[in-house]
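Structural characterization, general
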Amino acid sequence: MLSETNFFTNYLTLFIKITMIIMRDKIILLVAISVSMFLHTSSWSQGVLDSYIRQGLDSNLVLKQRSVQLEKALLALTTAKSNFLPSVNFNASYTTAEGGRYAELPVGDMLNPVYATLNQMTGTNGFPQIKNQQINFLPTNFYDTYIRTSVPLLNTDIYANKRIQSQKIELSNLDMQVYARELVKNIKVAYYQVIMASESVKVYEANQQVLEQNVALNEALIRQGKGLKASLLKAQTELMKIKTSVSTAKNQLKNAQAYSNVLLNRPLDSEEVIEEAA
């Protein structure tokens with residue numbers, strides 16, 4: 001009976017030591033995962049990440065705004081080029097008015113005496129009498145129709161405007177490309193941060209299970225009079241620490257997912273899809 005008890009005690013002691021070694025190994029594994037996540041990103045499937053990148057580029061409001069600015073610059077360049085071409089304008093107008101201010105022109109009073117004298121001298125009526133004229137300031141039945149064609153022969157402003165608009169397009173295009181690359185980088189970093197946080201939660205939860213088993217074994221040893229309360233208190237303390245680490249890791253995972261959703265212009269509570277390579 002004594003040998004069986006010693007065997008059981010030695011077995012539990014060995015199991016506890018193995019359990020503590022496994023716990024330390026898993027903590028080391030957490031660090032290894034964090035390092036390998038950046039050094040070996042190809043081990044994860046790129047399908048989901050590529051879809052996130054496309055979604056982020058399509059839904060980003062700042063990128064859309066800069067795309068609109070680029071389109072405006074292209075239209076401005078088209079307008080600048082059109083200034084080198086001939087322009088033809090057709091205009092027509094009709095104006096009529098009655099009344100208003102007018103000016104008296106006494107043509108009859110000035111010329112009729114002369115015409116009467118000439119008629120007497122010639123014995124004919126070749127010089128008829130005319131009336132005084134009244135000229136209105138506003139035109140009546142006035143038509144104005146014309147076609148105007150203009151061609152720039154020498155205008156340095158046109159050349160300068162074309163160069164300015166071309167440079168604006170280059171700057172807008174480069175600015176949009178830089179922002180798009182920065183956005184892609186942030187999406188990738190956020191995605192791998194979510195993976196790291198998710199793996200951290202898994203490792204801490206696995207450690208928690210091991211520590212819970214360790215606490216249960218120490219309690220069993222104490223009930224049988226084979227264990228020490230100091231070992232139990234130490235195991236319980238380690239269990240409380242790992243529970244805190246689990247809570248912290250879950251919060252980090254939640255924050256990483258929220259940051260990724262902001263980049264993708266999605267609701268903050270959207271779940272991140274993590275796909276491992278086959």
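Look above for the structure.
Reference entry: report on the structure contained in this document. (Residues numbered from 1 in each chain as written. Predicted model: local features only at pLDDT ≥ 70, side-chain atom pairs only at ≥ 80, totals over all residues. Heavy atoms only, no water.)

1. A closer look at the environment of aspartate 144
Locating aspartate 144 in the fold gives a position in strand E4 (residues 142-150). The exposure class of aspartate 144 is partly exposed, given its relative accessible area of 29%. Every residue in contact with aspartate 144, bar those within four places of it in the chain, is listed here: Asn91, Ala92 and Ser93. (Helix = DSSP H or I, 4+ residues; strand = E, 2+ residues; numbered from the N terminus. Buried < 20%, exposed > 50% of the residue type's maximum accessible area, 1.4 Å probe, protein only. Contact = heavy atoms within 4.5 Å.)

2. Digging into the nonpolar core
Counting 14 residues, the largest nonpolar core has Tyr204, Val215, Leu239, Ile242 and Leu253 as the members making the most contacts within it. Contributing elements (two or more residues each) for this core: helix H5 (156-223) and helix H6 (229-263). In terms of residue count, the dominant contributor to this core is H6 (8 residues). (Core = buried A, V, L, I, M, F, W, Y, C linked by side-chain atoms within 4.5 Å.)

3. Section: unusual backbone geometry
Most of the time, phi is negative for any residue but glycine, and the peptide bond is trans. Backbone geometry at asparagine 265 places phi at a positive 55°, although glycine is not the residue there. With respect to the helices and strands, the residue asparagine 265 is situated in the segment after H6. The partly exposed category is assigned to asparagine 265, whose relative accessible area is 45%.

4. A look at the pattern of salt bridges
According to the stated counting rule, one finds 4 salt bridges in the structure shown. Between glutamate 199 and lysine 202 there is a salt bridge whose closest N-O contact spans 3.5 Å. With glutamate 199 and lysine 202 both in helix H5 and 3 residues apart, this pair spans about one turn of that helix. Residue glutamate 199 is classed as buried on the basis of its relative accessible area, which comes to 13%. A salt bridge links lysine 250 to glutamate 205, with the nearest nitrogen and oxygen atoms 3.7 Å apart. With a gap of 45 residues between them, lysine 250 in helix H6 and glutamate 205 in helix H5 connect regions that are remote in the sequence. Note on lysine 250: relative accessible area 42%, which makes it partly exposed. (Salt bridge = Lys/Arg side-chain N within 4 Å of Asp/Glu carboxyl O.)

So yeah, pure geometry; function would need other evidence.
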